[in-house]
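# Notes for the structure review
As a plain string of letters, each chain reads:
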Amino acid sequence: MRTVEVVLVSGDGSSADYDEPTAMLNWLVEHGVPAERVVRDVAGLDTHDTCVRAREVFGVTEALPAARAGAASS
């Protein structure tokens, strides 16, 4: 079994009042994920951009799909 080394959270982080990646980071930390294992992408404005940026900006070569936020928070 392999373990997750880093969690990439991506979303709109266009302002201090609206910052999806930081909200995700905070939730993960509150639930036991070390903050240093979470990388924020504040420019993932849609799924396609997030996938392209994961590969080209963050060097992601392998990913595990995650549940959508609404389903994960239920």
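Our subject is the structure that appears above.
Bear in mind the structure is a predicted one, so any value in this text is a computation, not a measurement.

## A short note on the overall build of the protein
Of regular secondary structure, the protein possesses three helices and two strands. Looking at the protein residue by residue over its 74 residues, the buried ones come to 15%. Of the contacts formed within the protein by residues at least 6 apart in sequence, a portion of 44% connects residues at least 24 apart. Total accessible area on the protein is roughly 5800 Å²; 55% of this is exposed by carbon and sulfur atoms.

## Comments concerning the pattern of salt bridges
Here the structure, examined in full by the defined rule, presents three salt bridges. A salt bridge links arginine 53 to aspartate 41; its shortest N-O distance comes to 2.8 Å. Note that arginine 53 is positioned in helix α2 (residues 47-56) and aspartate 41 in strand β2 (residues 38-41), a separation of 12 residues in sequence. The buried category is assigned to aspartate 41, whose relative accessible area is 1%. Linking glutamate 56 and arginine 55 is a salt bridge whose minimum nitrogen-to-oxygen distance equals 3.2 Å.

## Quick look at helix α1 (residues 20-30)
When α1 is considered as a whole, its buried residues turn out to be Pro21, Leu25 and Leu28. For α1, the arc enclosing every buried residue in end-on projection is 65°, short of the 170-degree limit, so these residues lie on one face. Those residues of α1 hidden inside the fold are in contact with β1 (7-10) and β2. Looking one or two residues beyond α1, the residue adopting positive phi is glycine 32, at roughly 100°.

## Some remarks on the pairing of β1
Where β1 and β2 come together, four bridges link them in parallel fashion. In the strand pairing of β2, valine 7 is matched with valine 38. For the handedness criterion, the β-α-β arrangement of β1, α1 and β2 is classed as right-handed.

## Observations concerning the side chain of threonine 50
By the element assignment, threonine 50 lies in helix α2. Here threonine 50 is in contact with Ser10 and Gly44, once residues within four sequence places are set aside.

Rules behind the numbers
- Residues numbered from 1 in each chain as written.
- Predicted model: local features only at pLDDT ≥ 70, side-chain atom pairs only at ≥ 80, totals over all residues.
- Heavy atoms only, no water.
- Helix = DSSP H or I, 4+ residues; strand = E, 2+ residues; numbered from the N terminus.
- Buried < 20%, exposed > 50% of the residue type's maximum accessible area, 1.4 Å probe, protein only.
- Contact = heavy atoms within 4.5 Å.
- Areas by Shrake-Rupley, 256 points an atom, 1.4 Å probe, with all protein chains shown as cover.
- Salt bridge = Lys/Arg side-chain N within 4 Å of Asp/Glu carboxyl O.
- Arc of directions from axis to C-beta.
- Pairing = 2+ DSSP bridges.
- Right-handed = clockwise from strand over helix to strand, strands pointing away.

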